[in-house]
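# Tertiary structure, described
The lines below spell out each chain.
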2 protein chains.
Amino acid sequence: MIVLGIDPGTACTGYGVIQGEGMHAVSLVECGVIRTKAREPLAARLLEIYEGVRELLERHRPDYLSIEDVFYSRNVRTTVVLGHARGVILLAGEQAGVSISEFPPAAIKKAVAGTGAATKEQVQFMITRLLRLKSAPQPADAADGVAAAIACLMGANVPRMPAVRRIGPVPR
Amino acid sequence: MIVLGIDPGTACTGYGVIQGEGMHAVSLVECGVIRTKAREPLAARLLEIYEGVRELLERHRPDYLSIEDVFYSRNVRTTVVLGHARGVILLAGEQAGVSISEFPPAAIKKAVAGTGAATKEQVQFMITRLLRLKSAPQPADAADGVAAAIACLMGANVPRMPAVRRIGPVPR
């Protein structure tokens, strides 16, 4: 199963592509960020995000698109602009015909690090462990995209796994 | 000059296409709504809105896309979902290469009815007068799309008009 995880943002959209069946044989395929220029109009930035996500969907043909749900910041304007970015990402996913999963930030942290209150460092540490990497994906937004993908892979596999199989960190 | 005005909404996106030079020879070309089903997932509804707007852009080839800016309602969730709809509409406009104008709701009311505090009825009355219609465009969301188009046509023409030419309601 291939999952494209996305942490949406107008300035910087992080993404991670992972492959595996459950968390036992999972590996990182690719991660990175789609950056847009702050001086460009919002419509132009949305087009860049949309085309970037489309390119990823075409190249990796994931089974799932996992996207971080809106984070309700104190600044409503920021949250609303983020909604615009999520809109074009969901559109790209719908056009590609992938299954779309949305997870609140806390659910992603819980899936990756065991608690919704995990710090960024804890999440990055667990990503590094789960994917057997030498260091955490950089920049941080890319790691957040990978985390969204992991949350989906674990969540999506739950129904397929009878009671016996343990869902958790990769055994050492 | 042809203007496509849009009042975005996830359930119902209103639109109006008007044609004219300033407000002296303006006419309504078409208006209507793009409705989506509440039981559909958000991504599917966004695709419907996107395809509806693309179809309008292709058919009318407007010079301007005029879109109502976000209305910050008390319900932040509503406002954020609206941001998703605006995102795919801005994307469609950017892809079509039209000039995009965004107006806050109060600016649209002011342009059409002279005051940002105008009621829906006042705005509909003025649209009917300005476009020499027998009755206000129906449903209300379509009228809001038309109002956005009128605000753009008036605003966009200001720089082209030297002091002499009067911008205002069509003379009786």
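The text that follows walks through the structure, step by step, so that each part is easy to find. Every chain's residues receive numbers from 1 upward, in the order its sequence appears when written. Just so you know, chain letters begin at A and ligand numbers begin at 1, following the order they were written in. The predicted origin of the model limits local features to residues at a pLDDT of at least 70 and limits the giving and counting of side-chain atom pairs to 80 or more, whereas totals for whole chains, interfaces and linings rest on all residues. With hydrogens and water set aside, each side-chain value is computed from the structure's full complement of heavy atoms.

## Section: the environment of B:R86
Rules: Each helix corresponds to a stretch of at least 4 residues labelled H or I by DSSP, and each strand to a stretch of at least 2 residues labelled E; elements are numbered beginning at the N terminus. Contacts are assigned to residue pairs that have any heavy atoms within 4.5 Å of one another. We define a polar contact as two N or O atoms separated by no more than 3.5 Å, with the added condition that, inside protein, one atom must be a possible hydrogen donor and the other a possible acceptor, whereas residues neighbouring each other in sequence contribute only through side-chain atom pairs.
Here B:R86 shows up in helix α2 (residues 76-96). The sequence separation of B:R86 and B:P8 amounts to 78 residues, and the corresponding C-alpha distance is 6.1 Å. Apart from the residues lying within four places of it in its own chain, the contact partners of B:R86 are A:H84, B:P8, B:I67, B:E68, B:D69, B:V70 and B:E102. There is a polar contact of 2.8 Å between the side chain of B:R86 and the side chain of A:H84.

## Observations concerning the relation of the copies chain B and chain A
Put simply, the rule reads: Fitting of the copies onto one another was done by least squares over C-alpha atoms, counting residues only where both copies have pLDDT of at least 70.
When chain B is fitted onto chain A, the two copies agree to an RMSD of 0.0 Å after a turn of 180° and an axial shift of 0.0 Å. Within this description, the copies of the chain are treated as partners about a two-fold rotation axis.

## Quick look at the sheet that holds strand β5 (residues 99-103) of chain A
Picture the strands of a sheet paired through backbone hydrogen bonds; they go either parallel or antiparallel. All names here are of chain A. Put simply, the rule reads: In this analysis, strands are considered paired if DSSP registers two or more bridges between them. Axis lines are fitted to C-alpha atoms, over the contacting stretch for helices. Their N-to-C directions set the angle, which ranges from 0 to 180 degrees.
Read from one edge of the open sheet, five strands run β3-β2-β1-β4-β5, paired in mixed fashion. The sheet is open, and its two edges are formed by β3 (27-35) and β5, each paired on a single side. With strand direction ignored, the average angle separating the axes of adjacent strands in the sheet is 20°. For strand β4 (residues 64-68) and β5, the ladder comprises five bridges, and the chain directions are parallel. Directly across from L65, in β5, lies its bridge partner I100. Here helix α2 (residues 76-96) sits on the sheet and contacts β1 (2-7), β2 (12-19), β4 and β5; the angle it forms with β4, its principal contact strand, is near 170°.

## Brief notes about the sheet that holds strand β1 (residues 2-7) of chain B
Residue and element names in this part refer to chain B. The strand order β3-β2-β1-β4-β5 describes an open sheet built from five strands, whose pairing is mixed. Edge positions in the open sheet fall to β3 (27-35) and β5 (99-103), since each of these has one partner strand only. Sheet twist, expressed as the average angle between the axes of neighbouring strands with direction ignored, equals 20°. Pairing of β1 with strand β2 (residues 12-19) involves six bridges; the strand directions are antiparallel.

## Section: the packing of aromatic side chains
Basically, it comes down to this: Planes of paired rings set the category: under 30 degrees apart is stacked, over 60 is edge-to-face and the rest tilted, where pairs are Phe, Tyr or Trp rings (Trp by its six-membered ring) whose centres lie within 6.5 Å. Partly exposed residues are those whose accessible area sits between 20% and 50% of the maximum for their type, while under 20% is buried and over 50% is exposed, using a 1.4 Å probe and protein chains only.
Considering all chains together, one arrives at one aromatic pair over all chains under this definition. Taking 6.4 Å as the distance between ring centres and 45° as the angle between the ring planes, the aromatic pair formed by A:Y50 and B:Y50 counts as tilted. Placement of A:Y50 in helix α1 (residues 42-60) and of B:Y50 in helix α1 (residues 42-60) is noted, with the two residues assigned to different chains. Judged by its relative accessible area of 3%, B:Y50 falls in the buried class.

## Quick word on α1(B)
Given 3.6 residues per turn, any residue in an α-helix points the same way as the ones three and four places further on. To keep it simple, the criterion reads: Helices are assigned an expected span. That span is 1.5 Å times one less than the residue count.
Helix length check: α1(B) (19 residues) gives 27 Å between terminal C-alpha atoms against 27 Å at 1.5 Å per residue, within 8%. A positive backbone phi angle near 40° is found at B:R61, which sits one or two residues after α1(B).

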